[in-house]
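Chain and residue survey
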Amino acid sequence: FAIVLDNRLISVPIIDPAENPDGIDGTNGSQISGTFTIDEAQRLANLIKTGALPLRLELISESQVSATLGQQALRQGVTAGLVGFGLVALFLIVFYRILGVIAVGALFVYSIYFLALVKLIPVTLTLPGIAGLILTLGVAADANIVIFERVKEEVRAGRSGGAAIAAGYRKGLSTIIDANVVTVMVAFILFVIATAGVKGFALTLGLGTITSLFTAVLATQAVLGTMQRTKLIQRPSALGAKPEQQDGFLSRFDFTGASKWMFSISGVILIIGALAIGGKGIQLGIDFESGTRAKVAFEGGKQPSTTDVAEALRGAGFENPKVQTVSGDKELGGEGIQISLAQTGTAVAGLREALTDEFGEAKAIQIDSIGPTFGATVARGAIIAIIASLLVISAYIALRFEWKFAVPVLIALVHDLLITAGVYSLVEREVTTATVAALLTILGYS
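Now for a quick tour of the structure.

Scoring rules and cut-offs
- Residues numbered from 1 in each chain as written.
- Predicted model: local features only at pLDDT ≥ 70, side-chain atom pairs only at ≥ 80, totals over all residues.
- Heavy atoms only, no water.
- Phe/Tyr/Trp six-rings, centres within 6.5 Å; stacked < 30°, edge-to-face > 60°.
- Helix = DSSP H or I, 4+ residues; strand = E, 2+ residues; numbered from the N terminus.
- Buried < 20%, exposed > 50% of the residue type's maximum accessible area, 1.4 Å probe, protein only.
- Lys NZ or Arg CZ within 6 Å of the ring centre and 35° of its normal.
- Core = buried A, V, L, I, M, F, W, Y, C linked by side-chain atoms within 4.5 Å.
- Contact = heavy atoms within 4.5 Å.
- Axes fitted to C-alpha atoms, helices over the stretch in contact; angles between N-to-C directions.
- Parallel < 35°, antiparallel > 145°, perpendicular 65-115°, else oblique.
- Nonpolar A, V, L, I, M, F, W, Y, C, P; charged D, E, K, R; others polar.
- Expected span 1.5 Å × (residues − 1).
- Salt bridge = Lys/Arg side-chain N within 4 Å of Asp/Glu carboxyl O.
- 1 Å grid on protein atoms, 1.4 Å probe; cavity = no way out; pocket = protein on both sides within 12 Å on 5 of 7 lines; lining within 4 Å.
- Points joined across faces, edges and corners; volume = space filled by probe spheres on them.
- Left-handed = near helix turned anticlockwise from the far one by under 90°.

Structural notes on the packing of aromatic side chains
Evaluation of the coordinates by the stated rule reveals nine aromatic pairs. Aromatic side chains Tyr 110 and Phe 114 sit 6.0 Å apart centroid to centroid with 35° between the ring planes, which places their arrangement in the tilted category. Here Tyr 110 pairs with Phe 114, and both are found in helix H2 (residues 67–120), just four residues apart, close to one helical turn. Tyr 110 gets classed as buried once you look at its relative accessible area, which sits at 1%. Taking the relative accessible area as the measure of exposure, Phe 114 reaches 1% and is therefore buried. By the ring-pair criterion, three or more aromatic residues cluster together here, those being Phe 91, Phe 95, Tyr 96 and Phe 148. Note that Lys 199 overlies the ring of Phe 191, its terminal NZ or CZ placed 4.9 Å from the centroid.

As for the nonpolar core
Leu 92, Phe 148, Val 151 and Leu 224 are the most contacted members of the largest nonpolar core, which has 32 residues in total. Taken together, the elements giving at least two residues each to this core come down to H2, helix H3 (127–156), helix H4 (161–193) and helix H5 (196–227). Beyond its immediate sequence surroundings of up to four residues, Leu 92 is in contact with Arg 97, Gly 100, Ala 103, Val 104, Leu 107, Ala 141 and Ile 145. Grouped together as the second largest cluster of nonpolar side chains are 28 residues, Phe 201, Val 378, Ala 406 and Leu 413 included.

Describing unusual backbone geometry
Along the chain, Ile 121 connects to Pro 122 via a cis peptide bond; the corresponding omega equals -10°. Here Pro 122 lies in the loop between H2 and H3. Even without a glycine there, the phi angle at Arg 97 is positive, about 50°. Structurally, the position occupied by Arg 97 is in helix H2. Non-glycine residue Asn 320 carries a positive phi angle of around 45°.

Observations regarding the packing of helix H12 (residues 372–400) against helix H14 (residues 433–445)
At a closest axis distance of 10 Å, the pairing of H12 and H14 adopts a crossing angle of 5°. On the basis of their axis angle, the class for H12 and H14 is roughly parallel. Only Thr 433, Val 436, Leu 439, Leu 440, Leu 443 and Gly 444 of H14 make contact with H12, whose side of the interface consists of Val 378, Ala 382, Ala 385, Ile 386, Ser 389, Leu 390 and Ile 393. Across the contact of H12 with H14, the residue classes break down as ten nonpolar, three polar and no charged.

Some words on helix H8 (residues 259–280)
Taking 1.5 Å as the rise per residue, H8 with 22 residues should run 32 Å; its terminal C-alpha atoms sit 31 Å apart, in good agreement. Following H8 by one or two positions, Gly 281 adopts a phi angle in the positive range, close to 80°.

Digging into the pattern of salt bridges
Per the counting criterion, the structure on display carries seven salt bridges. The partner of Glu 149 in a salt bridge is Lys 152, and the shortest N-O contact between them spans 3.8 Å. Residue Glu 149 and its partner Lys 152 are located together in helix H3, separated by three residues, close to a single helical turn. With a relative accessible area of 26%, Glu 149 lands in the partly exposed category. The salt bridge partner of Glu 430 is Arg 293, with a shortest N-O separation of 2.5 Å. With Glu 430 in the loop between helix H13 (403–427) and H14 and Arg 293 in strand S4 (residues 291–298), this pair connects stretches of sequence that are 137 residues apart.

Some details on the layout of surface pockets
Within this model, the second largest pocket holds a volume of roughly 510 Å³. Taken together, 21 residues make up the lining of the second largest pocket; nearest its centre are Asp 6, Leu 57, Glu 58, Leu 59 and Thr 346. Elements that contribute at least two residues to the lining of the second largest pocket include exactly strand S2 (8–11), helix H1 (38–51) and H12. Counting residues per element, the lining of the second largest pocket draws most heavily on H12, which supplies three residues. Residues belonging to the lining of the second largest pocket are distributed by class as follows: nine nonpolar, seven polar and five charged.

Some thoughts on the packing of H12 against H13
Geometry of a packed helix pair, given as the angle between the helix axes and the separation of the axes. Closest axis-to-axis distance for the H12/H13 pair is 8 Å, and the angle between their directions is 150°. What the angle tells us is that H12 and H13 run roughly antiparallel. In this structure, the crossing between H12 and H13 has a hand that is right-handed. Contact with H12, carried on its side by Ile 386, Leu 390, Ile 393, Ser 394, Ile 397 and Ala 398, involves Trp 403, Phe 405, Ala 406, Val 409, Leu 410, Leu 413 and Leu 417 of H13 and no other residues of that element. Of the residues belonging to the contact of H12 with H13, the class tally is twelve nonpolar, one polar and no charged.

Regarding empty space enclosed by the protein
This structure, assessed with the given rule, holds two cavities of 30 Å³ or more. Volume-wise, the largest cavity comes out at about 60 Å³. Residue assignment for the lining of the largest cavity shows that the elements contributing at least two residues are H4 and H14. It is H14 that contributes the most residues to the lining of the largest cavity, four residues altogether. Looking at the lining of the largest cavity, its residues break down into five nonpolar, three polar and no charged. Counted as a void, the second largest cavity has a volume near 50 Å³. Together, Glu 62, Gln 64, Val 348, Ala 349, Leu 351, Arg 352 and Ile 367 line the second largest cavity. In terms of residue class, the lining of the second largest cavity is made up of four nonpolar, one polar and two charged.

Spelled out as structure tokens, the structure:
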């Protein structure tokens, strides 16, 4: 007796003719018995119940990542986090001396708090989520930098170490709150509007920003408050501050006086970007345009030719496959094959099996399939997220300061977005949902 759900056999129980010579009487229900585990029996029961629903499910988005590829991506994410932490720590210590050492300690405290939140909530860490976590290291360091620069200004003005620290925190706090409020608002918009993968990025960015506000302001202030009467804090050189006339080139450079050069440089970059967008266009990924993309690397390091792969796929019933070789791909561990198909959903269900049958087991495989409905939804969500972020940032600045400040800020934000889009067009990088997350992060920082 065949039980079918969405054109797939989910169970084929045998009816014993000796026990049921006249078949099964359906009025009192029936029973399937066998060597099931509890989980297997529950899963089969759920599938049979699902089949009783008056609807037909259609696959609109699917993503498969092999274990090898997942482990490699996780390892790269952790390495990026450690390198990022090391560079930020080095920068803080070199520029701010004892203040930098305290800030690095606060970053350790921040990391512990953040990981505790991830465990307590709990938050499922995705690769975009790990990217958001790494980014919040910069947010946490940024808050300390704002305060430390105010402290150095006070030291240069002749204040003692303790008085400079107190004044620096008082003057820097409102700037930090403004910057963090905007970042949290952008993260919230991204979380509400974006698709599942980017939601992880938005959640870790928002949580990390709130946590960094606590550690950068309260933790470092508590430590510096305890040390403010020590001889170490009283020495300007220990705080990375020098007399104004001996300070670096940037503190003496007349940025406003050189505004015509600044506008000219920006104008040239924008023109080059506009020409690239007009000529080459923006290369949208399958997240927006729909379709299926697979990246495959086979065991033994020897990859089949693109012609062989295309012929094998056509023989398996796939229409017009586009196959190309990719080299230097860290995800695939070097060389591999990239396959693009117009079909999505159940039409590409046997892609992995077709490749394995013809060329052997794959050591790494990643398959993303996005339906046209889902692609249109993602594109619409991305546009809404960017416009909503621009409006929210402008409204916040208008309310927090004056409305006339919002106009040049809006121009500056659009300027930064256009330059980023121009660079993407020039280097022919694909725009994905992760790119949208990055653009919104740029908006928050700008």
